[in-house]
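# Topology and contacts: notes
As a plain string of letters, each chain reads:
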Amino acid sequence: MIVSHLTFTLVALHASLVSAATSSTGDFNILSYVNPFIGTTNGGHVFPGATLPHGMAKVGMDTNSPGNQAGYDANAAYSVTGFSQMHDSGTGGGIPLSNFKLFPLANCSSFEKCPTSIAGRQTPRKINADGTPDDFASPGYFSTNVSTDIRVELTATRRTALHRYTFPTSSAHPRIVVDISDDVPLSSTDVEGDVDPNTGRVTGGASFQVSFGPGYYRAYTCVDFQAEGYNLTGPSEYGIFTSDYQLRNTTSVDQVHYGSVDQIGALLAFLPADNNSVTTILARVGVSFISSAQACANAESEIPDFDFEGTRQAASDEWSELLGRVKVDQQGVEDEIVELFYSSLYRTHISPADYTGENPSWNSTEPYYDSLYCNWDTYRTLYPLMSLHDPERFADIVRGMIDIQKHEGKTDTGWLPECRGATKQQYIQGGSNGDPILGEFYVKFSDYASSLNVSPTDLYSALLADAEDQPPNWNLQGRQANVWKKYNYIPQDVYESGGMSTRQVSRTLEYAFGDFAISQVSNLMNMSSDSSKYTARAANYANVWNPNITVPGMDGVRGMMQPRLIDGTFNFTDPRHCSIHDPEHATCYLDAANHDGFYEASPLVYVPQDMAALIELQGGNDPFISRLDYLFDQNYFDVGDEPSQQIPFMYHYANRPGLSTQRSRQVIAQSFNTTVSGLPGNDDLGAMASYAAFYLAGMYPLPATQQLLLSSPYFPQISFFNPTFNSTTTILSKNFQGNPITGTGGYVFVKNVTINGQPWHSNCYIEWEAFKSGSLIELELTDDITVGCGETVDALPPSLSTGGYD
């Protein structure tokens, strides 16, 4: 327990230090340290365009890159194909969204000869002297200069984008393409579209294929135009186009025969400004999953006056307030580290997206968040980071997930969403991981659930539905629950309808962790029988442990998770599976050919809820440490796959936190930077961002628990303001001496911890109570990597088998 009694002196000390933290960031603009372009090429798939925190509208540039999952590619070799209104960020899978592209045309020889198809209109960007594209972005704003001398600026509200196109004075007939039908895969069907010849308003919609699952979603848009500096009386030319064929004066898609043509939209021309002055035309674009009328209503209510600068400033202010809840002292810290931290924190708030009011499937007054895509990626670090500084939004997301569970089931029972995009279910990855998200919320905010409008009864019912009821299709939601309850693992040779018989080991481990999360909730709810039941099920990970497996060429590393058959015998998956050493080059992903039992992970995996038992299974601390060293030294550690995220911090459980600190810092040094290729693969909707942010803050969370593993921050001090608790917790490194560039060595190892001036019993973890009450956590640092967790038994981080979570 944290000592709650404070003397006046300690209170004053804490207040002065918090004030110092505030003043240390008061002289710089946090948003100037956000670089939206990190990870926008080389597979990061990051969205750099304009959006609000968790906004539905994500307006940005689309390029003709083959890896444009977020629309954009920072490689200057790729041309612009349009500026679309909705994107995801950091995803793999098929390319999602990128709906309703607009594109400005400076000059065409005639209306009928304007290039309106994607291939016809694609245009290079202007290139800077250093070879980079002339693009700029900051939170809530994006701009580019196109080689046709048109300047494009973008900003957004929650469901509406605002474009500003500044045409060259040579543009006698400034024109704008409104592409209704084209997402990147050109998947649209049932296109509808209309042009108002008097105002130029374009409305329309289409059905589009989802990117990581079956089926189609339907989306709609509403586009209005206004000029800056002069009165825009309506279009001087208008018409519907199909591909590069324009029909002047047509007002509806129904008037043209488009058959199998997959590119349909509207083309409008406007009179330029008088006297050869600059022509600037604003395009306000509302989006909706309900109807084009709803898209118009969204736009009219959110940006009624086409005020670009006001809209941009409002977006900037919202981002400043949110990111400003986490303050760092930058003294003695490289600017790149500050930039990496705030850019990572920023990307954790791009998704999931707030689709409240845009659910086409049922009526509800509850919040509705989508683009979860997927819980498997984000449950480990994104939501625990949200717990620290944005609990109200976390509560809304939880409420939305519970509402989906109530309404989306095919029977009387529904299931928590797992992978979701554009209002549709998508494929489950390694396991159904809504349970640890709800568990994380309740464990951290059970005393505040009512004030945050989360029903504990509904939350627990949703958890039990996942744990106990098998859905018709466990590829899309829920678990293979009947088999799980019958065998206490997922056997590799069970075949039943309702999902792919793959990923059995990964699903066993994830189901066990889900049950662990439920045990923590039931324990807080004083449901002792359920607590015992789910605690026992949380230990089912051991049922797929084979003690006789070794890594070829490394006999000292013994014992692995392995696929197991119904009769209890083990099948075999090479321990090198999924690594760079895998002789089979296995896919490790979601496909019918994946018969090895794992998803994005190897048999060299982890059991986050019970590390003490895993250490015992592996023969004790020394063999465990040797195995971890082997993972890193032989390049088995895969920083880009989420099951690896805790591995650098596992040394804590063997009483060697200094090794965790060094490994985690080496991960940052080797795998993260502030360049456009500065991520180790997909950002996975903020999964990599929240991972890096925690490492830079000197912590690592275990979802649905009261503990955070402790290292040293990259800053002399870092403070988290939590608006639900109305409290600020500051972590202060009293003798901070900077960050080794390579992550190796340095004065960075935690030797001693005090909380509110009182000695704390562990150098390896801190309790949530310190953040709940608002505390001053002081770290004494050393250059001695051999430091341990402390002198008492409870200095080691908790584990399930040791009763640490009781």
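Here is a short report on the structure shown in this document.

Rules and cut-offs
- Residues numbered from 1 in each chain as written.
- Predicted model: local features only at pLDDT ≥ 70, side-chain atom pairs only at ≥ 80, totals over all residues.
- Heavy atoms only, no water.
- Pairing = 2+ DSSP bridges.
- Helix = DSSP H or I, 4+ residues; strand = E, 2+ residues; numbered from the N terminus.
- Axes fitted to C-alpha atoms, helices over the stretch in contact; angles between N-to-C directions.
- Contact = heavy atoms within 4.5 Å.
- Buried < 20%, exposed > 50% of the residue type's maximum accessible area, 1.4 Å probe, protein only.
- Disulfide = S-S within 2.5 Å.
- Lys, Arg positive; Asp, Glu negative; His and termini not counted.
- Salt bridge = Lys/Arg side-chain N within 4 Å of Asp/Glu carboxyl O.
- Polar contact = N/O pair within 3.5 Å; in protein donor to acceptor, adjacent residues only side chain to side chain.
- Expected span 1.5 Å × (residues − 1).
- Phe/Tyr/Trp six-rings, centres within 6.5 Å; stacked < 30°, edge-to-face > 60°.
- Lys NZ or Arg CZ within 6 Å of the ring centre and 35° of its normal.

### Considering the sheet that holds strand β4 (residues 135-138)
With antiparallel pairing, the eight strands of this open sheet are ordered in space as β4-β5-β6-β7-β15-β11-β10-β9. Two strands close off the open sheet at either side, each with one partner strand: β4 and β9 (189-195). Each strand of the sheet is rotated relative to its neighbour by a mean of 15°, with strand direction disregarded. Examined bridge by bridge, strand β7 (residues 160-167) and strand β15 (residues 279-288) share eight bridges and lie antiparallel to one another. Within β15, the residue paired with Thr 160 across the bridge is Gly 286. Strands in contact with helix α3 (residues 292-302) are β7, β10 (202-209), β11 (216-228) and β15; relative to β15, the strand with the most contacts, it is inclined by about 125°. Across the face of the sheet, helix α4 (residues 308-323) comes into contact with β4, β5 (141-145), β6 (151-156), β7, β11 and β15 while running at roughly 55° to β6.

### With respect to the pairing of strand β2 (residues 80-84)
With five of five residues buried, β2 lies mostly within the body of the structure. The pairing of strand β1 (residues 60-63) with β2 spans four bridges and is classified as antiparallel. Residue pairing in the sheet places Asp 62 in a bridge with Gly 82 of β2.

### Quick word on the state of the cysteines
Summed over all chains, the structure comprises four disulfides. The side chain of Cys 108 participates in a disulfide bridge whose partner is Cys 114; the two sulfur atoms lie 2.3 Å from each other. On the sign convention where negative is left-handed, the bridge of Cys 108 and Cys 114, at about 120° about the S-S bond, is right-handed. With a relative accessible area of 2%, Cys 114 lands in the buried category. Shown here is the disulfide that connects Cys 764 with Cys 789, its sulfur atoms set 1.9 Å apart. Because the sign of the S-S torsion sets the handedness, a value of about -80° for the bond joining Cys 764 and Cys 789 places this disulfide among the left-handed ones. Here the residue Cys 764 occupies a position in the loop between β28 (758-759) and β29 (765-767), and Cys 789 occupies one in the segment after β30 (776-782), the gap between them amounting to 25 residues. A relative accessible area of 0% places Cys 764 in the buried class.

### Thoughts on the sheet that holds strand β25 (residues 717-722)
Read from one edge of the open sheet, six strands run β16-β25-β26-β30-β27-β28, paired in mixed fashion. Each edge of the open sheet carries a strand with a single partner, namely β16 (326-328) and β28. As paired strands, β16 and β25 are joined by three bridges and run antiparallel to one another. Its bridge partner lying in β25, Val 328 is registered against Ile 718.

### Quick word on the side chain of Asp 183
With respect to the secondary-structure elements, Asp 183 resides in the loop between β8 (175-179) and β9. Comment: no salt bridge for buried Asp 183; closest opposite-charge side chain is Lys 101, at 7.4 Å. A distance of 3.0 Å separates the side chain of Asp 183 from the backbone nitrogen of Leu 186, its partner in a polar contact. Residue contacts for Asp 183: discarding those within four places in its chain leaves Leu 97, Ser 98, Asn 99, Ser 188, Phe 208 and Gln 209.

### Quick word on the pairing of β10
Most of β10 sits inside the fold, with seven of its eight residues counted as buried. Sheet topology places β9 next to β10; five bridges connect them, and they run antiparallel. Across the sheet, residue Glu 192 finds its bridge partner in β10, namely Gly 205. Connecting the antiparallel pair β9 and β10 is a turn made up of six residues, with Gly 200 showing a positive phi of about 90°. Sheet topology note: the β10/β11 ladder contains eight bridges and is antiparallel. Among the inter-strand pairings, Gly 205 is bridged to a residue of β11, identified as Tyr 220. In sequence, β10 turns back onto β11 through a hairpin of six residues, with Gly 215 there showing a positive phi of about 90°.

### Some words on helix α15 (residues 621-633)
Along an α-helix, residues three or four positions apart point the same way, because every turn accommodates 3.6 residues. Look at α15: 18 Å from first C-alpha to last across 13 residues, which is about the 18 Å you get at 1.5 Å a residue. Taken residue by residue, α15 has Phe 624, Ile 625, Arg 627, Leu 628, Tyr 630, Leu 631 and Phe 632 as its buried positions. Of the surrounding elements, those touching the buried residues of α15 are β21 (545-551), β22 (554-561), α14 (611-617) and α16 (657-671). Following α15 by one or two positions, Asn 635 has its phi on the positive side, about 65°.

### Some details on the packing of aromatic side chains
With the rule as written, the count across this model stands at 42 aromatic pairs. Between Tyr 141 and Phe 308, the ring centres sit 6.3 Å apart and the planes meet at 80°, which makes this aromatic pair edge-to-face. With Tyr 141 in strand β5 and Phe 308 in helix α4, the pair connects residues that are 167 residues apart, well separated along the chain. A single burial state applies to Tyr 141 and to Phe 308, both of which are buried. Between the aromatic rings of Tyr 217 and Phe 289, the centroid separation amounts to 6.2 Å while the plane-to-plane angle is 65°, which identifies the pairing as edge-to-face. Separated by 72 residues along the polypeptide, Tyr 217 in strand β11 and Phe 289 in the loop between β15 and α3 bring together distant segments of the chain. Taken as a pair, Tyr 217 and Phe 289 share a single burial class, namely buried. Three or more aromatic residues joined by ring pairs form one cluster here, namely Tyr 383, Phe 394, Phe 441, Phe 445, Tyr 448, Phe 720, Phe 725, Trp 768 and Phe 771. In this structure, Arg 312 packs its charged tip against the face of Tyr 141, placed 3.5 Å from the ring centre. The ring of Tyr 489 has Arg 564 sitting right over it, with the charged end atom 5.3 Å from the ring centre.

By themselves, these figures tell us nothing about what the structure is for.
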